[in-house]
Structures are given as C-alpha cells and as structure tokens.
Amino acid sequence: MKNIRNSGWILFLFSGFLFWGILRTHSAAPFSSSVKPDPVVVSSKTTGEVFFEYHKKAVMTLHVSIWSDGNAPMQLKLEDKTTGKITGLSRLRVLRDRDFNLTPFLDAGHQYRIFTQGGTPHAPAPVVIKEFSLLQIPGIPQFLRLDAIFWVFLILWISSQAAFVWRGKPNFSDGADVLLLLIVAGAFSVRWTALGGSVGQSLEGDAVGYYSLVSQFNWRDPFATGIREPFYIWIQFIAGRLIGQTELTFRLVTVFFSTGAVFLTAHLARHLSGRKGIGLIASLLPAFGDFFIWNSIRGERSELYTFLLLLFFIGVIGVKSSNWKTESGLGLLTGIISLTWLIGLLSCVLAYLWRWARLQAKIPSAVLFLALAGIITGPMLLHHGRVSGDPLQVLNAHALYYKNAVETGVPSYEGTKTSLVGVLFKRGTGFGVNFVKGYFDLFLNPLNLFNKIFLGFHYTQNWSLFLFPFLILGLGWTLFHRQWAPFYLLFCTLNLSAAFQDVVRDPRLFLQAAFFLAYFFAVGISAFIHPVFAAVSNLRKN
C-alpha cells in the first residue's frame, strides 16, 4: 500500500490540475520571451540543395519533406566547402517533416552545402522535393518570462517528485535520493535551455496537427479529435487555460512530462533490480541523451504516453498485494493511457495479467481492472464507431499511412481503408523474421539508428559504441540470474511493433523501449563496477 500511496502523490496532483483547468474559464496571460529572435530562412522547393555560411551563436535547423522515386535509399549530405569534409545526415528513402539540427557539425566561418542524391551512382533516381528549408536563429537561449501560475505548477511538480522519494520526513542523509533529485533538476535544466533556444521556431511534424486540434477543441464534444486520441489534447487545452496557449507553452508541457519520465525511469529500475544505484544510472540516459532532450521540446504526444506507461509499470511491479483500490487505480490508469495512445491498451492488459497471475489474485480483481479500463476507453471507441464506422479508426488510419509509405514511398492517409491487423500479418512468413530482427536491432545491433539514439547520442555519431558493451553485459547478467520481469514488461511495451522498426523509421513509435534499454545498461554498469571495486579492495588488503 505504501507504493500505491507514493504513486498517488503524482496522480493526485495530476488529477487536481485536470479538474482545476476544466473549471477555469479565463486564460492566463501568454507565456512570452523578453527577446524576439530574428530568424533567417533560406528555402528551395525546386532543388534539393542549399548553400550557407555558419556563424557562432546560431542554431541551424534543416526541415525537409523529400523522397526518392527509386527503390534505393536517398542520401542527404552536408558538405563543408572550406575543408571538403562530407557528413551523411540520412539514407532513408522517405523523409516527411523531418528536422536535422546541423549545429554540432558546423564550424564558424566555414562555407557549407546541403544536397540530396537519389538512388546510387550506377542507378540514379530523381528526388521529389516537397519542402527543403534551412532555418537560422540566434542560438543564445532566451530568458523566458513566466506567469506566477507557472511557478506554482513547477513547485508542485517538484514537490510531487520529492514526496515520491521521501514518503514522509525528508532523509537528506540518503545520498541516492538526493542525487536522484539532482539528476532530475539537471534534466529539467538542459531541457529548459533547449526550450529557450527554440524560441521563434514553429512547431513541426505531428505537433502542428495537435496544436490545431487544441485550438479548435470544445468540452461539449470531447472526443471530436479526428484520428487522434483525445487525452493529450485535453492536457494541452487545460495547460493553455492555465498558462496561455502559444507554441512555446505547447513545448513546455512536454518538457514537464519528459522530466517526469526521467524520474520514473529511476524508480522503475529500482523496483526491477531492488537497488537504488541502478535506478540512478538508468535515469542518466533519458536525462541527458541527445534525442530525449530534442524530443522533449517538440510538443509531441509521446512524452505524455511514456510518462503514463512508466507510472503504470511501477504500479505493476511495486504493488505487492491485490485489493479493490489497487485494481481500480491500475484500471483507471490503463484507460487514461488508452485515451492517450490506443496501442497502450494491449501493453497494459498484458502487463496486468502477468502481475495478476504472479500474485495469484482472484478473478474479480481482473474483472474490476478490465471493467474500469473499458469504461474509460469505451466512449472514445463508441464515438469513432458512430462517426467513422470504425471504432479503431485512430489505429487503422495510421496503418494506412505507413502502408502507403512502404508500398509507394509516399506516406499518405489516402486510399482504401485498411486495418492494423491486416498490415501486421500481410507480410506472411517474413513477419516472424522481422519480429526477431526488430528486437535484435534495437538491443543487440550497435549500428542500428535507434540503438544509437537510445544510448544518448545522435544517430550520425558512433559514441554509443563505448556504452554498448555495458548494455550487452546487463542483458547477459539479467538472463543469467533469470530475472524475467524486465524482459516480459519489455515485450508488453513493444509486442509486435518491433517487427516494423526497419520499415517505420520513427523513434517515437519505439521510444518506450529506451527506458528498458537504460535499465539493462545500468545493470551492466553495476555488474562491471562491483568486481572492479572488489579487486581494488583485495589489492589494498594485500
């Protein structure tokens, strides 16, 4: 019960802000910056080529929607005209609304060229250019002037995490607990700096659509959110009422959830391993990893989804008893997760049934859990069934989108309706191979793009190779000691989606796996450090 009470702190504050935001009728003054940057945009929609000169204290971002008509990958490259060095940015055949932060590859005073090549030198293919633009803004983070309501929100957010750690009187003598809060503070700090650097940049990708839905949202029809699940839209609408709706506040909301996911990663690792040190190490990757910081300021739904899923898994692992309160809490959380991203329903049900069987709980417990999850999720499914004729529209529409991307090279929602189940099993015997290969690439292939970014580095860099051995060591150690819980929860998280990691090059679809990868990495670090310290101690004694 203690664990449920501790988790309740976050859920209580979360629910409180939901209720308060719904009742609030007047929007707060807008969230603003004291300095407005002067962006410089160089764009070309007819040729995939841009020339520019780089100056210090500037952020250079390339935004593209391009694809190759051929079957071979399309190459997107950055050439340093001053030195002749060429850096590969991407080898994907389709890039839709993708952003590339060029700044880490640039030197002040150098001339640069960005260009595309379709196909191969022996079989060139034309490149279709929908958008090819370069954005340059001052790279000095802006000082962000905030409403008082923001500071109240921030203080309560930090307090909820401190309460989760200390469960009563603070114990400052426990270095692990203090260090965890410092890591979380550091994670928020680097995200805050990144947020300041994004001032003046427009939302991109899916965040644009979500922002539009939030702008049009009305509580009189809460499920009228098109092909998107509504809960993230509700949260952003409420945040807009509290601190003003701007593109910057839209990003700020996901910064909070990304920071909270760092905190929850540490606690999930603690519950899985029984050791606080492993939790601390595991939290470092999502706290300071390049991709996690970048994704946190994009205003994407994935940050809220992973936060809620981590919270659910902590309940599944940490709650050692079964009663109507815990089953109700887990069922309610499952419904909320499903309203955030419907694919989470399967993950939660699989994880819950494993917990239910492990605790040898009674059948009414499972019935209560499933009933509450169904009560929360049902209205959305009924709404989509009534409006579109397809209760699973939020999944099947995107199945069509990715099916078009694979078959035609052009992602699109147009065409004959299809189902996610049909797309999953259409690949026949190759599905099983891709299923195994997907898990292998994510965890055992150091050259896999997702493996690189989940270990904390940009996918064009190879620094993750230095961390990869600890990931392998952690996987081996966990298998050798027959600790099956991390592997089962990992399967619950990814399940069949891993089969598409070589087709759908979108990290957000596999982001949930990153927190288990961080766990295995932390176990590997621990398994390496303990023998080393033991050997050093023996040498000193001798």
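Note: the structure precedes this text.
Here goes a summary of the coordinates provided. All of these numbers come straight from a predicted model, not from anything done at the bench.

With respect to the packing of helix 4 (residues 206-216) against helix 5 (residues 231-243)
- Contact pair helix 4 / helix 5: the axes reach a minimum separation of 9 Å and the direction vectors enclose 65°. Note on packing geometry: the crossing formed by helix 4 with helix 5 is right-handed. Residue-level contacts link Tyr210, Leu213 and Val214 of helix 4 to Tyr232, Ile233, Gln236 and Phe237 of helix 5.
- Its residues assigned to classes, the contact of helix 4 with helix 5 comprises six nonpolar, one polar and no charged.

A few points about helix 9 (residues 302-318)
- Under the 1.5 Å per step criterion, the end-to-end length of helix 9 is 24 Å for 17 residues, consistent within 8% with the ideal 24 Å.
- Burial analysis of helix 9 places 17 of its 17 residues in the buried class, which makes it a mostly covered element.

Observations regarding the pairing of strand 6 (residues 86-90)
- Where strand 5 (residues 75-80) meets strand 6, four bridges bridge the pair, whose relative direction is antiparallel. Of the residues in strand 6, the one forming a bridge with Glu79 is Ile86.

Some points on the side chain of Thr306
- Here Thr306 shows up in helix 9.
- Here Thr306 is in contact with Leu511, Gln512 and Phe515, once residues within four sequence places are set aside.

Brief notes about the environment of Tyr112
- Along the chain, the position of Tyr112 falls in strand 8 (residues 111-117).
- Sequence spacing of Tyr112 and Gly84 is 28 residues, and the spatial spacing of their C-alpha atoms is 9.3 Å.
- Apart from residues lying up to four places away in sequence, Tyr112 is in contact with Val50, Phe51, Phe52, Tyr54, Leu78, Glu79, Asp80, Lys81, Phe105, Leu106 and Asp107.
- Here Asp80 takes part through its side chain, which lies 3.4 Å from a polar atom of the side chain of Tyr112.
- Separated by 2.7 Å, the side chain of Tyr112 and the backbone nitrogen of Asp107 make a polar contact.

Here's the deal with the packing of aromatic side chains
- Under the counting rule described, the total for this entry stands at 31 aromatic pairs.
- Measuring from ring centre to ring centre gives 6.4 Å for Phe292 and Phe454, while their planes differ by 35°; the resulting arrangement is tilted. With a gap of 162 residues between them, Phe292 in helix 8 (residues 290-296) and Phe454 in helix 16 (residues 449-454) connect regions that are remote in the sequence. For the residue pair Phe292 and Phe454, the accessibility class agrees, reading buried in each case.
- Aromatic pair Phe443 and Phe520: ring centres 6.3 Å apart, planes at 80°, arrangement edge-to-face. Of this pair, Phe443 sits in helix 15 (residues 430-444) while Phe520 sits in helix 19 (residues 511-541), and the two are 77 residues apart along the sequence. Like Phe443, the residue Phe520 is buried in the burial classification.
- Residue placement shows Arg113 over the ring face of Phe115; its charged tip is 3.9 Å from the ring centre.

Some remarks on the packing of helix 11 (residues 344-358) against helix 18 (residues 485-494)
- Taken N-terminus to C-terminus, the directions of helix 11 and helix 18 make an angle of 150°; their axes are 8 Å apart at the nearest point. Considering their axes alone, helix 11 and helix 18 lie roughly antiparallel with respect to each other. Across from Ser347, Leu350, Ala351 and Trp354 in helix 11, the residues of helix 18 making contact are Ala485, Tyr488, Leu489, Phe491, Cys492 and Thr493.
- Residue composition of the contact of helix 11 with helix 18, by class: eight nonpolar, two polar and no charged.

Some points on the sheet that holds strand 8
- What the four strands build is an open sheet, ordered 3-8-5-6; its pairing is antiparallel. Only two strands of the sheet have a single neighbouring strand rather than two, namely strand 3 (49-53) and strand 6. On average, each strand axis in the sheet is inclined to that of its neighbour by 20°, with strand direction left out of account.

Observations regarding the pattern of salt bridges
- Throughout the structure, instances matching the rule amount to eight salt bridges.
- Note that Asp206 is salt-bridged to Arg508, the shortest N-O span being 2.8 Å. Of this pair, Asp206 sits in helix 4 while Arg508 sits in the loop between helix 18 and helix 19, placing them 302 residues apart in sequence. By the burial criterion, Asp206 is buried, and Arg508 matches it.

Looking at the nonpolar core
- Phe52, Leu102, Phe312 and Phe454 are the most contacted members of the largest nonpolar core, which totals 122 residues.
- Among the elements that make up this core, the one with the highest residue count is helix 19 (13 residues).
- When residues no more than four places from it in sequence are discounted, the contact partners of Phe52 are Met60, Leu78, Leu102, Leu106, His110, Gln111, Tyr112, Ile114 and Leu134.
- In this structure, Ile238, Ile243, Leu248 and Leu252 belong to the second largest nonpolar core, which totals ten residues.

Some words on unusual backbone geometry
- Even without being glycine, Gln360 reaches a positive phi, approximately 55°.
- Although it is not a glycine, Arg482 adopts a positive phi angle of roughly 55°.
- By secondary structure assignment, the location of Arg482 is in the loop between helix 17 (468-480) and helix 18.

Considerations on a nonpolar patch on the surface
- Where nonpolar side chains cluster on the molecular surface, the patch consists of Phe440, Leu444 and Ile472 and spans about 250 Å² of accessible area.
- Secondary-structure assignment places Phe440 in helix 15.
- On the basis of relative accessible area, Phe440 is assigned to the partly exposed category, the value being 44%.

Examining the environment of Leu309
- Relative to the helices and strands, Leu309 is located in helix 9.
- Given a relative accessible area of 3%, Leu309 falls into the buried group.
- Sequence spacing of Leu309 and Leu333 is 24 residues, and the spatial spacing of their C-alpha atoms is 8.7 Å.
- Once you skip the residues sitting within four places of it in the chain, Leu309 turns out to touch Ile337, Ser347, Cys348, Thr493 and Gln512.

Calculation notes
Residues numbered from 1 in each chain as written. Predicted model: local features only at pLDDT ≥ 70, side-chain atom pairs only at ≥ 80, totals over all residues. Heavy atoms only, no water. Axes fitted to C-alpha atoms, helices over the stretch in contact; angles between N-to-C directions. Helix = DSSP H or I, 4+ residues; strand = E, 2+ residues; numbered from the N terminus. Left-handed = near helix turned anticlockwise from the far one by under 90°. Contact = heavy atoms within 4.5 Å. Nonpolar A, V, L, I, M, F, W, Y, C, P; charged D, E, K, R; others polar. Expected span 1.5 Å × (residues − 1). Buried < 20%, exposed > 50% of the residue type's maximum accessible area, 1.4 Å probe, protein only. Pairing = 2+ DSSP bridges. Polar contact = N/O pair within 3.5 Å; in protein donor to acceptor, adjacent residues only side chain to side chain. Phe/Tyr/Trp six-rings, centres within 6.5 Å; stacked < 30°, edge-to-face > 60°. Lys NZ or Arg CZ within 6 Å of the ring centre and 35° of its normal. Parallel < 35°, antiparallel > 145°, perpendicular 65-115°, else oblique. Salt bridge = Lys/Arg side-chain N within 4 Å of Asp/Glu carboxyl O. Core = buried A, V, L, I, M, F, W, Y, C linked by side-chain atoms within 4.5 Å. Patch = residues over 30% accessible without salt bridge, like charges linked within 9 Å, V, L, I, M, F, W, Y side chains within 5 Å. Areas by Shrake-Rupley, 256 points an atom, 1.4 Å probe, with all protein chains shown as cover.

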